[in-house]
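# A look at the structure
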Amino acid sequence: MKKLILPHQYLRILIKIIENIQTLYIQAFFLIFRRFKYVDRYGSTYFMYHDTRPADTLRRGTRTDDTTVLDVIKTLLTYSIENGQQEIECVDVGSYIGVMTLLMSSTIQENGRVHSFEPFIDTFERQLENVKLNKNTNNVVLNNCVVLDENLSEIHLQCLDTPGQNYVLPNKTNKLKSVSVKAITLESYLIANNIKKVSVCKIDAEG
């Protein structure tokens, strides 16, 4: 008996073909160019690189699969502003290229600040570029350091080919590519900056 292919199955096959063509096009693009500028579904502008999952970004409309987190953060901050809250302090630990930092910044605008923490210098520099691409980001405070449970003058970080998965090393090793950066506690940072209340604290850090 011949197996029937239903209409919705044809649609899935077509979508898969389109996605494969899109992926091939993007791979070809990065053979020639270093990056491209992208405006996501939340209105944030940032550069996409070959190692920042550009194909997935184009399909989802934003450079993260944590869109539920973005929606919740935006809803919480919008509610706070509509109810008259000012001096809103947001914290983004493990900010990567700044997707959530930019959403926080554009949502609170002049009503507060966003304190962003990204330890890896290459990723941090990308975030710095991305923040400059967007208007009214004077409320963003960028910090190139690790947030841990103790203050350390030096901590070693593992560098991978997929920068979003870089992580803290328990001990330095010569077998792996690593870098050293300063480590702080969130408590010491809040005290030093006279921050008494944090409205939203997002943490997405490896190791």
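My aim in this report is to walk through the structure given alongside it, one point at a time. Computed from a prediction, not measured in an experiment: that's the story for all the values here. Numbers given to residues run from 1 along each chain, matching the order in which its sequence is written. It should be noted that, the model being predicted, local features are given only for residues of pLDDT at least 70 and side-chain atom pairs only at 80 or more, the latter also being counted only at that level, while totals for whole chains, interfaces and linings use all residues. The basis for every side-chain value is the complete set of non-hydrogen atoms in the structure, without hydrogens or water.

### Thoughts on the overall build of the protein chain
Cut-off, in case you're wondering: In DSSP terms, a helix is any run of H or I states spanning at least four residues, a strand is any run of E spanning at least two, and both are numbered starting from the N terminus. For every residue, the accessible area (1.4 Å probe, protein chains only) is compared with the maximum for its type, and the residue is labelled buried under 20%, exposed over 50%, or partly exposed between those bounds. Throughout, a residue-residue contact means that at least one pair of heavy atoms, one from each residue, lies within 4.5 Å.
When helices and strands are counted, the protein chain shows six helices and 10 strands. Residues classed as buried in the protein chain amount to 41% of the 207 residues present. Nonlocal contacts in the protein chain, meaning residues at least 24 apart in sequence, comprise 65% of its contacts between residues at least 6 apart.

### Notes on the nonpolar core
Under the convention used in this document: Each nonpolar core is a collection of buried residues, namely Ala, Val, Leu, Ile, Met, Phe, Trp, Tyr and Cys, held together in the definition by side-chain atoms within 4.5 Å.
Within the largest apolar cluster, 25 residues are counted, with the highest numbers of intra-cluster contacts made by Y46, I73, L77, C90 and M104. Of all the secondary structure elements, the ones that give two or more residues to this core are α1 (7-32), β1 (36-39), β2 (45-48), α3 (67-82), β3 (88-93) and α4 (99-108). Per-element accounting of this core gives the leading share, six residues, to α4. When neighbours within four sequence positions are excluded, I73 is seen to be in contact with M100, L103, M104, V200 and K202.

### With respect to the pairing of β3
To keep things clear, this is the line we draw: With its strands directed away from the observer, a crossover is right-handed exactly when the path from the first strand over the helix to the second travels clockwise. Two strands qualify as a pair provided DSSP detects at least 2 bridges between them.
With six of six residues buried, β3 is to be regarded as a mostly interior element. Both faces of β3 are covered, namely the face carrying I88, C90 and D92 and the face carrying E89, V91 and V93. Since β3 and strand β4 (residues 112-117) lie parallel, the crossover through α4 that links them has a hand, and here it is right-handed. Taken together, the four bridges between β3 and strand β10 (residues 200-203) define a ladder with parallel strand orientation.

### Considerations on the pattern of salt bridges
Threshold: Each reported salt bridge corresponds to a side-chain nitrogen of Lys or Arg within 4 Å of a carboxyl oxygen of Asp or Glu.
Using the criterion set out here, one finds six salt bridges in the structure. Between R53 and D56 there is a salt bridge, with its nearest N and O atoms 3.5 Å apart. Judged by its relative accessible area of 26%, D56 falls in the partly exposed class. The structure contains a network of salt bridges with shared partners spanning R53, D56 and R59.

### Structural notes on the packing of α3 against α4
Definition in use: Here an axis means a line fitted to C-alpha atoms, over the contact stretch when the element is a helix, while the angle between two N-to-C directions is reported on a 0 to 180 degree scale. Just so you know how the angles are binned, under 35 degrees is roughly parallel, over 145 roughly antiparallel, 65 to 115 roughly perpendicular, and the rest oblique. Definitions for this section: a left-handed crossing has its near helix turned counterclockwise from the far helix by less than a right angle. A right-handed crossing has that turn clockwise.
One way to put it is that α3 packs onto α4 with a least axis distance of 9 Å and a crossing angle of 20°. When the axis of α3 is compared with that of α4, the two are roughly parallel. Judged by the sense of rotation from one axis to the other, the crossing of α3 with α4 is right-handed. Along the contact surface, α3 presents V69, L70, I73, K74, L77, T78 and I81, while α4 presents V99, M100, L103, M104, T107 and I108.

### Quick notes on the sheet that holds strand β5 (residues 140-143)
Pairing is parallel across the open sheet formed by four strands, whose spatial order is β5-β4-β3-β10. The sheet terminates laterally at β5 and β10, the two strands that pair on one side only. Across the sheet, the mean angle separating the axes of adjacent strands is 10° when strand polarity is ignored. Packing against the sheet, α3 makes contact with β3 and β10, and its axis sits at approximately 165° to β3.

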